[in-house]
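# A closer look at the structure
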Amino acid sequence: MEFASLSSSQEVYDDEEDKEEEEEEDVRRNRHRSDSRFGDDVEFDFLKVPKLPRSSSLKLSTTPPGSPTRRKSVRFADALGLDLALVRHILNPDEPPTVPLYPDAASSSSSAAVVADSRPRRVASHWRLCFPQPGLDVRRRTLDSKVQLESCVVSGSNRRVYGTVRVANVAYEKDVRVRYTTNGWLTFYDVIASYVEHSNDLVTDRFSFVLSIPDHLGPRCRLEFAVRYSVGRETFWDSNSKRNYAIECVELCEDNFFRGASPVA
């Protein structure tokens, strides 16, 4: 009976050794499988996260499929020889420029103003008198100075100056002339005035004259004249108190022309 119990104990012990050997074999097999995957000289780091490849150009969700992709580059103004900032100097610190609250609106309005100003405008020239009309006391002044400009008008349509002159009735034979210049009296011309029929009022006579404005005269040009009255052996002048009578040509832009602005400054 004792021999039989010993044999049973020996069998249990052998079974346990066989299980241990199988477990060791499984461990060796798994280790060999791991070594064959990662290599014998490579130490596997479980805490190290492998890097994922990054795309060179990512498309947005709104990008249509199949659209070509290209690499974008950034360049700065100074690399191209341009200024990084725009500096404007305030010349008058007492009246600084007004900065708009909405730059976009201001730029659009200024652009519209530039477009409006860039449109071609019609410019008209106009001849005007540089002196007031003589007034109502022409007869009295004629008797005092013997000659006096009575009236004067300028016609821009035919470039003519029309005027009348009163002279004292000193003698029957009278010579009335208008002397004018267009270059500051470097040269001058005389125009003979004509007697106006039935203008005698016993003490004065009326004469009329017409001056032609040369075609080459334009804006900023000036014509000056004075009246000379020769009677007997005497000569009298009316030169607007030694200032001479003058007319000048001025420019009127399209806006002032259609608004009916007065040509007299």
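Residues numbered from 1 in each chain as written. Predicted model: local features only at pLDDT ≥ 70, side-chain atom pairs only at ≥ 80, totals over all residues. Heavy atoms only, no water.

This part is about the sheet that holds strand β6 (residues 194-195). Read across the sheet, 4 strands follow the order β2-β3-β7-β6 without closing on themselves; strand pairing throughout is antiparallel. Edge positions in the sheet fall to β2 (147-155) and β6, since each of these pairs with one other strand and no more. When strand β3 (residues 160-168) meets strand β7 (residues 204-212), the two strands line up antiparallel, connected through 9 bridges. Across the sheet, residue R160 finds its bridge partner in β7, namely S212. (Pairing = 2+ DSSP bridges. Helix = DSSP H or I, 4+ residues; strand = E, 2+ residues; numbered from the N terminus.)

This part is about the pairing of strand β10 (residues 245-252). Among the 8 residues in β10, 7 count as buried, and that is most of the element. The sheet contact formed by strand β1 (residues 124-129) and β10 spans 6 bridges and is antiparallel. The partner of R128 across the bridge, within β10, is E248. Here strand β8 (residues 222-231) runs beside β10; their pairing, made up of 4 bridges, is antiparallel. Across the sheet, R222 pairs through a bridge with E248, a residue of β10. (Buried < 20%, exposed > 50% of the residue type's maximum accessible area, 1.4 Å probe, protein only.)

This paragraph deals with the pairing of strand β4 (residues 175-181). Sheet topology note: the β4/β8 ladder contains 7 bridges and is antiparallel. Note on β8: the bridge partner recorded for T181 is E224.

All right, on to the confidence of the model for the protein chain then. Averaged over all residues, the pLDDT of the protein chain equals 76, while 58% of them reach at least 70. Here residues 1-6 is a poorly scored stretch, pLDDT under 50, and it has 0 contacts once near neighbours within four places are set aside; other chains count. (pLDDT = per-residue confidence, 0-100. Contact = heavy atoms within 4.5 Å.)

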